[in-house]
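Chain residues, written in single-letter form:
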Amino acid sequence: MARTLAEKVWDDHVVRRAEGEPDLLFIDLHLLHEVTSPQAFDGLRKSGRAVRRLDLTIATEDHNTPTLDIDKPIADPVSRAQLETLRKNCADFGVRLHPLGDVEQGVVHVVGPQLGLTQPGTTVVCGDSHTSTHGAFGALAFGIGTSQVEHVLATQTLPLARPKTMAITVDGELPDGVTAKDLILAIIAKIGTGGGQGYILEYRGEAIEKLSMEARMTICNMSIEAGARAGMIAPDETTFAYLKGRPHAPEGEDWDAAVAYWKTLRTDEGAEFDAEVVIDAAGLSPFVTWGTNPGQGAPLSAAVPDPATYDDASERLAAEKALEYMGLDAGQPLRSIKVDTVFVGSCTNGRIEDLRAAAEILRSRKVADGVRMLVVPGSARVGLQAVSEGLDQVFKEAGAEWRHAGCSMCLGMNPDQLAPGERSASTSNRNFEGRQGKGGRTHLVSPQVAAATAVTGHLASPADLAADVPTPAGV
Amino acid sequence: MEAFTTHTGRAVPLRRGNVDTDQIIPAHWLKKVTRDGFEDGLFEAWRKDPSFVLNQPERQGATVLVAGPDFGTGSSREHAVWALQNYGFKTVISSRFADIFRGNSLKNGLLTVVLDQKVVDALWALTEADPQAEITVDLQAREVRAEGVTAAFELDENSRWRLLNGLDDISITLREEGDIAAYEATRPSFKPRTLPV
């Protein structure tokens with residue numbers, strides 16, 4: 001029977017299937033970090049259980065880690081205690097850990113792919129909702145709670161009911177200046193924060209196939225913001241080229257066997273999805289959020305919407321509350337919104353291509369007076385790569401702060417936070433109330449829009465800067 | 001996990017949709033390494049407002065949260081479930097829950113009940129008019145009852161069985177050791193490993 005990509009990967013991991021019960025699914029890769037694992041390790045201790053597959057488990061530190069003075073003891077005693085708890089748990093149970101200061105430390109969803117551990121056709125879980133990122137490789141990857149973290153540690157499996165499947169087909173080509181971030185924000189605005197609920201999304205179509213691996217990760221990363229269980233993209237030559245030669249990629253005969261298998265991971269002709277959405281890439285433009293959930297977004301060229309025009313009462317109320325929290329007026333052009341802070345980083349947009357894109361715009365430009373710009377690489381290795389390309393210098397010369405790797409201001413568990421009432425343009429994934437600091441106001445944007453916004457001091461796209469470019473001498 | 005059979009209690013009507021887990025328990029609370037002590041962090045930002053429903057004297061001791069659609073979106077933090085339980089909630093009613101939150105709740109014995117928005121509206125109206133009104137959530141009968149409201153709800157038989165008996169998922173799975181070992185023996189050698197073999 002014709003099957004979708006998600007169904008193929010699911011079927012290949014069923015350990016046990018019985019009528020009236022959830023499938024028992026084998027987990028190929030379990031990623032751990034300090035925030036959602038302590039209570040799980042505690043549970044193992046209390047019941048005298050061990051980690052079943054240490055060779056399929058890896059940990060790093062990301063949510064609490066400072067991005068300054070990483071060689072000094074962590075100032076916040078509670079954050080320090082949580083990191084020390086992870087270190088003790090990993091040592092006690094034998095789990096491989098990349099702690100702060102290690103070259104492989106970083107946001108867990110940047111680290112897995114970069115090591116070549118995230119591979120097509122695998123099941124990947126982590127106690128973090130943005131685990132959906134790994135679906136960019138054709139992996140079935142999803143966030144889990146701490147009870148499930150303990151379950152995977154103890155059994156390397158999870159009992160799960162199979163979600164439905166939804167195809168999101170993006171036809172045509174993205175216009176110049178439109179990025180993966182703009183695309184996924186537009187998709188979420190279209191289907192809503194609950195639109196993907198109960199589904200595994202498969203992104204497909206010409207525009208998706210043309211994306212780099214890193215751009216595909218940006219797309220799959222935000223599947224959770226549409227409420228989906230996971231997001232996937234079928235592996236292809238772009239995927240194989242990205243993986244080849246990475247530390248944990250298969251080698252020799254194993255590589256050949258792996259690629260042969262990976263090539264089967266495509267939705268069959270005639271396979272049926274439970275739902276389908278079609279997007280025309282050509283109609284897209286830079287996209288930003290104006291509200292307090294990721295579905296409250298609009299093209300940068302638009303204005304803040306008027307809640308009174310909403311038919312649905314609960315959406316109208318949500319929009320009213322969002323405008324109140326965000327301190328915005330209906331009808332105000334989005335471009336007129338001034339920001340205090342620009343954040344470039346996170347598991348959504350903290351990879352090298354994101355830093356290159358932002359640096360390109362900032363080269364020989366300055367961050368506007370009164371604007372603070374933080375650039376936080378997704379991993380220590382991404383940071384090193386950026387330094388080797390001189391990007392850190394570009395950021396510093398423009399007046400931005402170049403920091404060490406971690407989740408940082410995406411959720412403000414470390415000192416990188418917005419002050420009450422402060423407004424950011426952020427390349428992260430959530431504009432929830434208080435997400436980046438109590439009372440902070442977040443606009444989600446692409447790295448390109450973030451950089452242009454830093455230069456102008458208000459929401460802007462690189463195209464808005466064109467007039468600023470100095471005319472080359474002699475022309 | 002504590003078993004859930006049936007529960008009757010007063011309610012907190014939360015007329016808000018898209019309540020994300022950052023609102024239920026803000027990130028700075030996530031630094032704790034225990035499963036308890038989260039009650040003061042529950043809806044922390046909103047509780048600063050004296051008019052917030054949870055702050056009303058007549059809502060003290062309420063155990064049933066009646067929330068708007070898309071409750072529990074965003075972060076996978078199980079701390080959101082623990083915070084609701086630490087505060088004293090036994091059950092949450094909404095027309096739609098985010099997937100991860102729902103899974104987390106059922107694994108901790110916090111019964112999340114999906115009801116049609118019209119029924120949620122009726123429960124809101126009832127409990128706003130009369131803060132002493134009680135709601136019964138009966139998992140045996142898969143039914144929610146309150147004055148003027150009787151509504152059946154769905155929950156898959158497996159989840160219901162685990163909740164009614166307070167069963168621990170891990171011990172259930174470990175009964176299938178033979179199947180897990182058999183599956184492991186068939187995994188291809190090209191699959192990634194985090195440690196040298």
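All values derive from a computational prediction rather than experimental measurement.

**Student:** Residue-level account of the overall build of chain A, with values.
**Tutor:** On a plain count of helices and strands, chain A comes out with 17 helices and 19 strands. The C-alpha radius of gyration computed for chain A amounts to 22 Å, which stays within 12% of the reference 23 Å derived for 475 residues, consistent with globular compactness. Seen along its three principal axes, the alpha-carbon backbone of chain A occupies a region of about 65 × 55 × 50 Å. The buried share of chain A, taken over its 475 residues, is 65%. In the form shown here, chain A has an accessible surface area of approximately 16,100 Å², with 50% of it arising from carbon and sulfur atoms. Averaging the coordinates of the 44 positive side-chain charges in chain A and doing the same for the 63 negative ones gives two points 4 Å apart.

**Student:** Report on the domain arrangement of chain A, specifying residues and quantitative values.
**Tutor:** Residues and elements named next belong to chain A. Per the domain assignment, the segments making up chain A are domain 1 (5-276) and domain 2 (290-468). Between the C-alpha centres of domain 1 and domain 2 there is a distance of 25 Å. Each side of the interface is counted separately: domain 1 has 40 residues, and domain 2 has 39 residues. Note on domain 1 versus domain 2: buried area summed over both sides is about 3,100 Å², and carbon and sulfur give 58% of it. Where domain 1 meets domain 2, there are 23 residue pairs in polar contact (both at pLDDT 80 or more).

**Student:** An account of the interface of chain A and chain B is requested, with residue identities and associated values reported.
**Tutor:** Between chain A and chain B, the residue contacts involve 75 residues of the former and 55 residues of the latter. On the surface where chain A and chain B come into contact, there are 13 salt bridges. In this structure, R35 of chain B engages E150 of chain A in a salt bridge whose closest nitrogen and oxygen atoms are separated by 3.8 Å. There are 37 residue pairs in polar contact (both at pLDDT 80 or more) connecting chain A and chain B. A class-by-class count of the residues in the side of chain A that touches chain B yields 26 nonpolar, 29 polar and 20 charged.

**Student:** Pulling in residues and values, what's your account of the UniProt feature "domain: Aconitase A/isopropylmalate dehydratase small subunit swivel" (unreviewed entry) in chain B?
**Tutor:** Mapped onto the present numbering, the UniProt feature "domain: Aconitase A/isopropylmalate dehydratase small subunit swivel" (unreviewed entry) falls on residues 1-117 of chain B. The span residues 1-117 of chain B is 24% helix and 18% strand, and its two end C-alpha atoms sit 29 Å from each other.

**Student:** Can you explain the nonpolar core? Please cite residues and give values.
**Tutor:** Counting 82 residues, the largest nonpolar core has F395 of chain A together with F43, F71 and L84 of chain B as its most contacted members. Built from parts of two domains, this core gets at least three residues from each of domain 1 (5-276) and domain 2 (290-468) of chain A. With residues up to four places along the chain from it excluded, the contact list for F71 of chain B reads L14, V19, I24, F43, L65, L84, V92, S94, R96, F97, A98 and F101 of chain B. If you look at the next biggest cluster of nonpolar residues, it comprises 81 residues, including L86, V125, L174 and W255 of chain A.

**Student:** Lay out the packing of aromatic side chains in plain terms, naming residues and giving numbers.
**Tutor:** Counted according to the given criterion, the structure contains 15 aromatic pairs over all chains. Ring geometry for Y261 of chain A against F190 of chain B: centres 5.9 Å apart, planes inclined by 35 degrees, an arrangement best described as tilted. Residue Y261 of chain A is found in helix 10 (residues 252-262), and its partner F190 of chain B is found in the segment after helix 8 (177-185); the two belong to separate chains. Y261 of chain A sits in the buried class, given a relative accessible area of 18%. The exposure class of F190 of chain B is buried, given its relative accessible area of 10%. Arranged with centres 6.2 Å apart and planes meeting at 15 degrees, the rings of F97 of chain B and F101 of chain B form a pair that is stacked. The exposure classification of F97 of chain B matches that of F101 of chain B, with both residues buried.

**Student:** Would you mind going over the sheet that holds strand 6 (residues 123-126) of chain A in detail, with residue names and values included?
**Tutor:** Sheets are built from strands paired through backbone hydrogen bonds, the pairs being either parallel or antiparallel. Residue and element names in this part refer to chain A. Strands sit in the order 5-4-3-6-7 across an open sheet of five strands; the sheet is parallel. Whereas interior strands pair on both sides, the edge strands pair on one side only; in this sheet they are strand 5 (96-98) and strand 7 (140-143). Pairs of neighbouring strands in the sheet enclose a mean axial angle of 20 degrees, with direction left out of account.

Analysis parameters
- Residues numbered from 1 in each chain as written.
- Chains lettered and ligands numbered in written order.
- Predicted model: local features only at pLDDT ≥ 70, side-chain atom pairs only at ≥ 80, totals over all residues.
- Heavy atoms only, no water.
- Helix = DSSP H or I, 4+ residues; strand = E, 2+ residues; numbered from the N terminus.
- Rg over C-alpha atoms; globule rule 2.2 N^0.38 Å.
- Buried < 20%, exposed > 50% of the residue type's maximum accessible area, 1.4 Å probe, protein only.
- Areas by Shrake-Rupley, 256 points an atom, 1.4 Å probe, with all protein chains shown as cover.
- Lys, Arg positive; Asp, Glu negative; His and termini not counted.
- Charge placed at Lys NZ, Arg CZ, Asp CG, Glu CD.
- Domains from an automatic or database assignment.
- Contact = heavy atoms within 4.5 Å.
- Buried area = accessible area lost by both parts, 1.4 Å probe.
- Polar contact = N/O pair within 3.5 Å; in protein donor to acceptor, adjacent residues only side chain to side chain.
- Salt bridge = Lys/Arg side-chain N within 4 Å of Asp/Glu carboxyl O.
- Nonpolar A, V, L, I, M, F, W, Y, C, P; charged D, E, K, R; others polar.
- UniProt positions renumbered as here; feature names shortened; annotations may be inferred.
- Core = buried A, V, L, I, M, F, W, Y, C linked by side-chain atoms within 4.5 Å.
- Phe/Tyr/Trp six-rings, centres within 6.5 Å; stacked < 30°, edge-to-face > 60°.
- Pairing = 2+ DSSP bridges.
- Axes fitted to C-alpha atoms, helices over the stretch in contact; angles between N-to-C directions.

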